[in-house]
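Structural overview
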Amino acid sequence: MKSIACAVLFSANVLSAPALAAPDAPQQTPDTYAVAGERITIAPGRALNLRCSGEGPQTVLLEAGGNADSATWFRVQALLAPQARVCAYDRAGYGFSDEGPLPRDLDADVADLSALVAAAGLRTPLVLVGHSLGSNIVRAYAQQHPQDVAGLVLVDPPEQGAEAQLPPDWKQQGEAGRVQRNAFLDTCLAAAEAGTLDRGEGPLGACLRAAPPWQSAPVATATRAYKLEAAYWRTLRSELDANTAIFAAPVPETESYGDLPLVVVAAPAADMPGVPDEVANVLRAAREQTHARLVAASRNGRRVEVPDSSHDVQLDAPEAVAAAVATVLGGTESGSRPR
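Residues numbered from 1 in each chain as written. Predicted model: local features only at pLDDT ≥ 70, side-chain atom pairs only at ≥ 80, totals over all residues. Heavy atoms only, no water.

Describing helix α3 (residues 106-120)
- With 15 residues, α3 extends 21 Å between its outermost C-alpha atoms, agreeing within 8% with the 21 Å of an ideal straight helix rising 1.5 Å per residue.
- Those residues of α3 that sit buried are Ala108, Asp109, Val110, Asp112, Leu113, Leu116 and Val117.
- Of the residues flanking the end of α3, it is Gly121, one or two places downstream, whose phi is positive at about 65°. (Helix = DSSP H or I, 4+ residues; strand = E, 2+ residues; numbered from the N terminus. Expected span 1.5 Å × (residues − 1). Buried < 20%, exposed > 50% of the residue type's maximum accessible area, 1.4 Å probe, protein only.)

As for the nonpolar core
- Formed by 34 residues in total, the largest nonpolar core has its most connected members in Leu61, Leu128 and Leu152.
- Sort the elements by how many residues they give to this core and helix α4 (residues 133-144) lands first, with 6 residues.
- With residues near it in sequence (within four places) discarded, Leu152 still touches Leu128, Val138, Ala142, Tyr257, Leu260, Pro261, Leu262, Val263 and Val328.
- In terms of nonpolar packing, the next biggest core, distinct from the first, is built from 30 residues, Val155, Val263, Ala267 and Val306 among them. (Core = buried A, V, L, I, M, F, W, Y, C linked by side-chain atoms within 4.5 Å. Contact = heavy atoms within 4.5 Å.)

Focus on the pattern of salt bridges
- A complete count under the given rule lists 20 salt bridges for this structure.
- In this structure, the salt-bridge partner of Asp112 is Arg104, at a minimum N-O distance of 2.8 Å. The two residues Asp112 and Arg104 agree in class, both being buried.
- Notably, a salt bridge pairs Asp198 with Arg224, separated by 2.8 Å at the nearest N-O pair. Placement of Asp198 in the loop between α5 (168-194) and α6 (217-227) and of Arg224 in helix α6 is noted, with a sequence separation of 26 residues between them.
- Classification of Arg224 as partly exposed rests on a relative accessible area of 37%.
- Each of Arg46, Arg104, Asp109 and Asp112 takes part in a single network of salt bridges with overlapping partners. (Salt bridge = Lys/Arg side-chain N within 4 Å of Asp/Glu carboxyl O.)

Focus on the state of the cysteines
- Counting across every chain of the model gives 2 disulfides.
- Here Cys52 is linked by a disulfide to Cys87, with a sulfur-sulfur distance of 2.0 Å. Its S-S torsion of about 110° marks the bond between Cys52 and Cys87 as right-handed, since a negative value means left-handed. Residue Cys52 is found in strand β2 (residues 46-53), and its partner Cys87 is found in strand β4 (residues 85-89); the two are separated by 35 residues along the sequence.
- Classification of Cys52 by relative accessible area gives partly exposed; the value is 28%. (Disulfide = S-S within 2.5 Å.)

Below, the structure written as structure tokens:
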């Protein structure tokens, strides 16, 4: 059984955007991602890794999804750099960023983002782009700091509010799956704390996955190195626990961004092999409701579906994400501003 929480771990209107005057997106992560960009101190003894490129009158900030770092944006960032200042960062405990205090929930992530924007001196108002869990983070930031946000691009936001509608036996399976997942993560954490994770065999061999094909060898080596650290496993476990509550609640009907330009970039609804129809129908309905409420939260809201893309739209179809960002940039330049 694949619960909503586990999916996050491994995880309309027609939009017309101006053509991008940019090179093709790179196929592999540049080797610069194998080292830190600029580590920005946000609190005593704590720094977050920030990667900025490009120049322009506006700044775009890219927020990764769950269990992901700034490298997930390498294709989109390359496309946007010719027309704006574009920054991506590693959240606390990921990539080259220091671990943050637990729990790693929405409040902690938004507080860190706010501290990063201030400490790095990023030019506001920002165009915020969030993938998956990152869409929740940028939404929360926009609600707390509306004066600092010029637009939102939400990349395949996960369904919210399905939990209460699921059949009881499926919810029981989901809870059992979360218990099993946490036991597995605790095993990985214990090995990381003991310094033996790199030699893990049997069940421990599943803690570290093979590098995806889009990672260059140096970046894959650097990624493996930070995933050998206990900080990564503490962060991941806490983040996943927090996600259960985040995605259990539907998007509030009262959520509003006024006239803020907002684009939902969506992958096609995924097939759900092995999932009972009654469960699949609940998940599909929750996804449709989630996207519809997000679009309706702004008088300048719209949705675009990207054909032949997985949940990782930023990797499968970076041009579509960049085009959506370009549309928001154009809207803010023409005077469309937040409430």
